[in-house]
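# Structural features, examined
Listed below are the residues making up each chain.
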Amino acid sequence: MSTISIAAPAVRIVRPSTRLRLTVRGRRVLLGLAALPLAAGIAFAALGGGAAVASGESVPTASFETVTVMPGDTLWSIAESVAPNADPRSVIHQIESLNALGASSLQVGQELAIPSEYVD
């Protein structure tokens, strides 16, 4: 009688190296490719942004007079003095818009632009 013996083959598991190694040149190329959309956006904005200004249309200008803020003045008192027949809230809104005023308070000696429709 003959005997057959089966031996399991020796299997060695080899794991491939999945770590990406970039050289200095590879990093520069990758950085350049990542910066391309940003550069294209800046170029598009710079070249296409001036079309409205270069159209040749006239731009309406705002005419206004200036008022110097005195001690104790508020926007309400200034609005009432320059436009006694108008609603002070709308006059205040126009003064704030024209002078780009925020929540800051008025300073004594500050020059405020008043729309010319309220100045005699």
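Residues numbered from 1 in each chain as written. Predicted model: local features only at pLDDT ≥ 70, side-chain atom pairs only at ≥ 80, totals over all residues. Heavy atoms only, no water.

### Observations concerning the overall build of the chain
Using the following cut-off: By the criteria applied, helices consist of DSSP H or I runs no shorter than four residues and strands consist of E runs no shorter than two, each listed in order from the N terminus. Between buried and exposed lies partly exposed: a residue is buried under 20% and exposed over 50% of the maximum accessible area for its type, with that area taken using a 1.4 Å probe on protein chains only. Residue contacts are defined here by distance: any two heavy atoms, one from each residue, within 4.5 Å place the two residues in contact. We get accessible surface area from the Shrake-Rupley algorithm with a probe of 1.4 Å; when it comes to residues, only the shown protein chains can shield them.
Along the backbone of the chain there are 3 helices and 2 strands. When the helices and strands of the chain are read in sequence order from the N terminus, they spell out α-β-α-α-β. Here the chain, with 120 residues, has 14% of them falling under the buried criterion. A separation of at least 24 residues holds for 58% of the contacts in the chain among residues at least 6 apart in sequence. Roughly 10300 Å² of accessible area belongs to the chain as shown, and the carbon and sulfur atoms make up 60% of that amount.

### Quick notes on the pattern of salt bridges
Which entries qualify depends on this criterion: The term salt bridge refers to a pairing of a side-chain nitrogen on Lys or Arg with a carboxyl oxygen on Asp or Glu at a separation within 4 Å.
The full count for this structure, using the stated rule, is 1 salt bridge. Here Arg89 ties to Asp87 by a salt bridge, and the two come within 3.3 Å at their closest N and O atoms. We classify Arg89 as exposed; its relative accessible area is 57%.

### Quick notes on helix α3 (residues 88–99)
Because an α-helix packs 3.6 residues into every turn, residues spaced three or four apart end up facing the same way. Under the convention used in this document: Given the number of residues in a helix, its expected span is that number minus one, multiplied by 1.5 Å. What the arc covers is the set of directions going from the helix axis to the C-beta atoms.
In this model, α3 (12 residues) spans 16 Å end to end at C-alpha, consistent with the 16 Å of a helix rising 1.5 Å per residue. Of all the residues in α3, the buried ones are Pro88, Val91, Ile92 and Ile95. Seen along its axis, α3 keeps its buried residues to an arc of 100 degrees; they face one direction. Elements that come into contact with the buried residues of α3 comprise α2 (75–82) and β2 (111–115).

### Focus on the nonpolar core
Rules: Definition of nonpolar core: a set of buried residues of the types Ala, Val, Leu, Ile, Met, Phe, Trp, Tyr and Cys, connected through side-chain atoms within 4.5 Å.
Within the largest apolar cluster, 14 residues are counted, with the highest numbers of intra-cluster contacts made by Leu75, Ile78, Val82, Val91, Ile95, Leu106 and Leu112. For this core, the secondary structure elements donating two or more residues are α2, α3 and β2. Of the residues forming this core, the biggest block, 4 residues, is contributed by α2. Aside from chain neighbours lying at most four places away, what touches Leu75 is Ile92, Ile95, Glu96, Leu101, Leu106 and Leu112.

### Details of the environment of Pro115
Tracing the chain through its elements places Pro115 in strand β2. A relative accessible area of 10% means that Pro115 is categorised as buried. As for Pro115 and Glu65, which are separated by 50 residues in sequence, their C-alpha atoms are 6.5 Å apart. Leave out the neighbours within four places in its chain, and Pro115 touches Ser63, Phe64, Gln94, Ile95 and Leu98.

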